[in-house]
Amino acid sequence: MLEYNCRFGDPETQVVLPLLETDLYEIFTACCDGALDSIDIRFKENTCAATVVCAASGYPESYPKGMEITGIKEANDVKGVKVYHAGTSLDGNSVTRCSGGRVLAVTGLGSSFKGALDASYNAIRHLDFVGSNNESLMHYRTDIAKGVLNKKLRIGVLGSTRGTALLPVIEACASGALHAEITAVVSNKKDAQILDKGRALGATVTTKFIPSKGLSRAQYDAECSAALVEAGAEFIILVGYMRILSKQFCEFWSGRCINVHPSLLPKHAGGMDLAVHQAAIDAGDEESGCSIHHVTEEVDGGPVIVQKSVKIEKGETAESLKAKVQPLEGKAFVEALQKYCGKTVISYADAGVSIDAGNQLVEIIKPACKSTRRAGCDADLGGFGGLFDLAAAGYNSDDTILIGATDGVGTKLRIAQATKKHDFVGIDLVAMCVNDLIVAGGEPLFFLDYYATGSLDVNEAAAVVRGIAEGCRQSGCGLIGGETAEMPSMYSPGDYDLAGFSVGAVHRDRILPNGVAPGNVLLGLSSSGIHSNGFSLVRKLIEKEGLTYDSPCPWDSNCESIGDSLLTPTKIYVKACLPLLKKQLLTGMSHITGGGLLENLPRSLPKGIVAEITGHPELPPVFKWMQQVSGLDDHEILRTFNNGVGMVLIVKSDKVAEAKEILKDAGEVVYDLGVLVEGEGEQVIMKHNLQ
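Note that the structure is a prediction, hence the values are computed from the model and not measured.

A. Up close: the nonpolar core. Counting 93 residues, the largest nonpolar core has Leu566, Met589, Met626 and Leu649 as the members making the most contacts within it. One finds Leu153, Val157, Ala165 and Phe333 within the second-largest nonpolar core, a separate group that totals 39 residues.

B. Local environment of helix α4 (residues 113-124). In this model, α4 (twelve residues) spans 17 Å end to end at C-alpha, consistent with the 16 Å of a helix rising 1.5 Å per residue. Of the positions making up α4, those classed as buried are Phe113, Ala116, Leu117, Ala119, Ser120, Tyr121, Ala123 and Ile124.

C. Main features of the packing of aromatic side chains. Per the counting criterion, the structure on display carries nine aromatic pairs. Both rings, one in Tyr121 and one in Tyr140, keep their centres 6.2 Å apart while their planes meet at 45 degrees; by these two values the pair is tilted. With a gap of 19 residues between them, Tyr121 in helix α4 and Tyr140 in the loop between β8 (138-139) and α5 (146-149) connect regions that are remote in the sequence. With 6.3 Å between their ring centres and 45 degrees between their planes, Phe249 and Trp253 make a pair best called tilted. Here the basic side chain of Arg256 rests over the ring of Phe252, its NZ or CZ set 5.6 Å away from the ring centre.

D. Geometry of the sheet that holds strand β11 (residues 206-209). Strand order in this open sheet of seven strands is β11-β10-β9-β12-β13-β14-β15, and the pairing throughout is mixed. Since the sheet does not close on itself, it has two edges, and those belong to β11 and β15 (304-311), each with one partner. Sheet twist, expressed as the mean angle between neighbouring strand axes with direction ignored, is 20 degrees. Across the sheet, helix α8 (residues 217-230) touches β9 (153-159), β10 (180-187), β11 and β12 (235-239), and the angle it forms with β10 is around 150 degrees.

E. Quick look at the pattern of salt bridges. For the coordinates displayed, the defined rule picks out 22 salt bridges. Note that Glu470 and Arg473 form a salt bridge whose closest N and O atoms lie 2.8 Å from each other. Of this pair, Glu470 and Arg473 both sit in helix α15 (residues 458-475), three residues apart, roughly one helical turn. With a closest N to O distance of 2.7 Å, Asp672 and Lys660 form a salt bridge. Of this pair, Asp672 sits in strand β24 (residues 670-678) while Lys660 sits in helix α22 (residues 656-665); the two residues are twelve residues apart in sequence, bridging distant segments of the chain. Judged by its relative accessible area of 44%, Asp672 is partly exposed. Salt bridges sharing partners connect three or more residues here, namely Glu599, Glu636 and Arg639.

F. Spatial organisation of the packing of helix α14 (residues 425-439) against α15. Where α14 meets α15, the closest approach of the two axes is 6 Å, and the angle between their N-to-C directions is 40 degrees. For the element pair α14 / α15, the angle class is oblique. Here α14 runs over α15; the crossing is right-handed. Two secondary-structure elements touch here, α14 through Val425, Gly426, Ile427, Leu429, Val430 and Val434 and α15 through Val464, Gly467, Ile468, Glu470, Gly471, Cys472, Gln474 and Ser475.

G. Representation of unusual backbone geometry. The omega angle of the peptide bond from Tyr59 to Pro60 is 10 degrees, so this bond is cis rather than trans. Relative to the helices and strands, Pro60 is located in the loop between β1 (48-56) and β2 (68-70). One non-glycine residue, Asp273, lies in positive phi territory at about 50 degrees. Looking at the element boundaries, Asp273 is found in helix α10 (residues 273-282). Even without a glycine there, the phi angle at Lys420 is positive, about 60 degrees. For Lys420, the position within the fold is in the loop between α13 (412-419) and α14. Lys420 gets classed as exposed once you look at its relative accessible area, which sits at 65%.

H. A look at the sheet that holds β1. Read across the sheet, four strands follow the order β3-β6-β1-β8 without closing on themselves; strand pairing throughout is antiparallel. Each edge of the sheet is formed by a strand with only one pairing partner; in this case those strands are β3 (81-85) and β8. Sheet topology note: the β1/β8 ladder contains two bridges and is antiparallel. By the bridge assignment, Ala56 is partnered in β8 with Met138. Running at roughly 30 degrees to β1, α4 makes contact with β1, β3, β6 (102-110) and β8 of the sheet.

Basis of the calculations
Residues numbered from 1 in each chain as written. Predicted model: local features only at pLDDT ≥ 70, side-chain atom pairs only at ≥ 80, totals over all residues. Heavy atoms only, no water. Core = buried A, V, L, I, M, F, W, Y, C linked by side-chain atoms within 4.5 Å. Buried < 20%, exposed > 50% of the residue type's maximum accessible area, 1.4 Å probe, protein only. Helix = DSSP H or I, 4+ residues; strand = E, 2+ residues; numbered from the N terminus. Expected span 1.5 Å × (residues − 1). Phe/Tyr/Trp six-rings, centres within 6.5 Å; stacked < 30°, edge-to-face > 60°. Lys NZ or Arg CZ within 6 Å of the ring centre and 35° of its normal. Pairing = 2+ DSSP bridges. Axes fitted to C-alpha atoms, helices over the stretch in contact; angles between N-to-C directions. Contact = heavy atoms within 4.5 Å. Salt bridge = Lys/Arg side-chain N within 4 Å of Asp/Glu carboxyl O. Parallel < 35°, antiparallel > 145°, perpendicular 65-115°, else oblique. Left-handed = near helix turned anticlockwise from the far one by under 90°.

That is the geometry; function is a separate question.
Here's what the structure looks like:
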């Protein structure tokens, strides 16, 4: 607050001015013109400022002058700090010296009041006023804003039931584990036991039943808000509160109201009590728990602050699961409230989004992205969009068609998350996109990724992006940008999802398929494993067999664990196939992904053309195991997995030998799959059973 006699050399203004966004000169001229009411005076949002004055020893009584001031540059270099000069002067040698009692004002900015104060004191540690005998003659107070920082968080409670989860909060307030106090307990139920808990806290706590009869939702919520405000509550917790809150209530208490939900949100949002626990069991979830989340108008849709989890055992009932989850709710409330005690500003980080972590991630992944630069792009990060120069890549815009492809990694991510091995899923992401691009005859040019998570783990995300960069190097395309989205209310702890986007180019007259005809030969290129499709079934089979991802691998004794084998990255076929495209040896291609050979190969065949498969390779061990434990017949497994063939090439009959030679020089294992013939009906005919 500004004093009425505040001058612009006073510390009161030196703490306020850094918060001002509106041009100060504009404000001054408006004051002189009597037009201040026409100025939109704006201050920085979610930002706090604190100023600490550095004075000469003895001030405000008798104090020395002329001391050398050291550390000004270092103090100004502290992030978020501005050092104001009040009583300083330069001597003939350009040395800054003290010329008054109140010498410097050090102002710090931060997302919280404590953060701003910490910035100020961190800067002050660099400063000193050095006397003639090298003694320190600088004085400053160390108790600035002590009252504000030590202020207890005043909690209001809304509840409809017993309020069991309130007990740990009460105990934490009493023991000092929470720097907070409960000021009000309000209920919509006259006989709710939570009111007894409020009365037990003493006469200083407002305990009130507010009947809802005859009131609209907004009117009732206004009555509750009035009671909470009158009791001095500044932060609200909902403990078993059985009412949907109005838009007006959510807006008034925005960022200052939290609720507990008996599931790991966003799973099973919207339900209550035993119905939620039963839903978790019915869904086959391996774990459940509770979530503390901000209250918004979307029921159970606000940002998640804290989650506690328990394992769902075989034979679990809704009642037994509730008995395990309920004791965690109070602990979760205490942990969540600890994040807000003593804070006057609730920042983006408090809502679960760390800007600093995002910035740190960008710095970590820059070298990996830079390593993917190629003709047409430099793969620099930091701009609003990635740039690509087609001409520099050798494409004439009049003769060039751009190809776009997008894909993800699917539930293979669940295995990476469960094993905490994230190095290869980025390769999978690139492979699923660029392998689709080359099927159209194009050369992949650049790639962008989207990484979404509930809480950003910088090292985990960096491992994923390094894998993406490796995939880009393998396919010769530049990683020119991406997006990292941290969304606490959308993903459970440890979860993330990936999406990739790739753009390629092809000369107008070389788009595939083109000229596919009877007599063309089918060549198959070996896969590296399951690649990135069919993992919902794979995970189900692992569970059915009573195995885990840490179990010894039953189909590969050379692999340390099932998880390691399943995380083998998807093979990228770009560099092996591009020479064939440039020599125009192919009439078509097919990337064997979800749907297998039976569903994908027909996408490259015109009507009236049938693929006769006469030379399908023997099933690799992983697919033999999958077929054995699943009971799938040949037809079903051929439309589920790639079964050892990840890419099919349609080759002109007189170019087969040349194509094989190029592929083998590139290190590819090539299979003589079959031939195209005239026919109707099913477009892929297996001439023999799988081995």
